[in-house]
Amino acid sequence: MAFRPCLAYADTVVSATFDTYNAVKKALTDAGIGEREAEAIAETVRRVQSDLATRADIARLKWAIGVLAGICLAALAGTLFTAFQIVSLAARFPL
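Just so you know, these numbers come straight off a predicted model, no measurement behind them.

Conventions we followed
Residues numbered from 1 in each chain as written. Predicted model: local features only at pLDDT ≥ 70, side-chain atom pairs only at ≥ 80, totals over all residues. Heavy atoms only, no water. pLDDT = per-residue confidence, 0-100. Helix = DSSP H or I, 4+ residues; strand = E, 2+ residues; numbered from the N terminus. Contact = heavy atoms within 4.5 Å. Salt bridge = Lys/Arg side-chain N within 4 Å of Asp/Glu carboxyl O. Buried < 20%, exposed > 50% of the residue type's maximum accessible area, 1.4 Å probe, protein only.

(A) Spotlight on the confidence of the model for the chain. Overall, the predicted model of the chain reaches an average pLDDT of 80, with 80% of residues at or above 70. When pLDDT is averaged over each element of the chain, helix 3 (residues 55–92) comes out on top at 92 and helix 1 (residues 7–30) at the bottom at 65. With pLDDT under 50 throughout, residues 1–12 is counted as low confidence; its partners more than four residues away or in other chains account for nine contacts.

(B) Main features of the pattern of salt bridges. Inspection of every chain in the model, using the stated rule, returns five salt bridges. Residue Glu35 pairs with Lys25 through a salt bridge whose shortest N-O separation is 3.1 Å. Of the two residues, Glu35 sits in helix 2 (residues 35–50) while Lys25 sits in helix 1, which places them ten residues apart along the sequence. Between Arg60 and Asp57 there is a salt bridge, with the nearest N and O atoms lying 2.3 Å from each other. With Arg60 and Asp57 both in helix 3 and three residues apart, the pair spans about one turn of that helix. Assessed through its relative accessible area of 47%, Arg60 is described here as partly exposed.

Structure follows, in structure tokens:
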């Protein structure tokens, strides 16, 4: 699992993963699947779950995309302003 600076958040994720692991394992053994197979499947589910993005991860990604879009927009505005100044100066001093 990736590093999470907030311990309360990390505890919640770990306990949710642990509960899901046991629930999957129990459901599989109750359905008649052997103990070793049920553990292997439950472990696979746990690994897949640990790689999923949380809502907080997606919110941080949206924020980062917004910041990058703002930077790109500012750079474009600066470029257009400079181009406008060059055109204005060229119009004042024809060749």
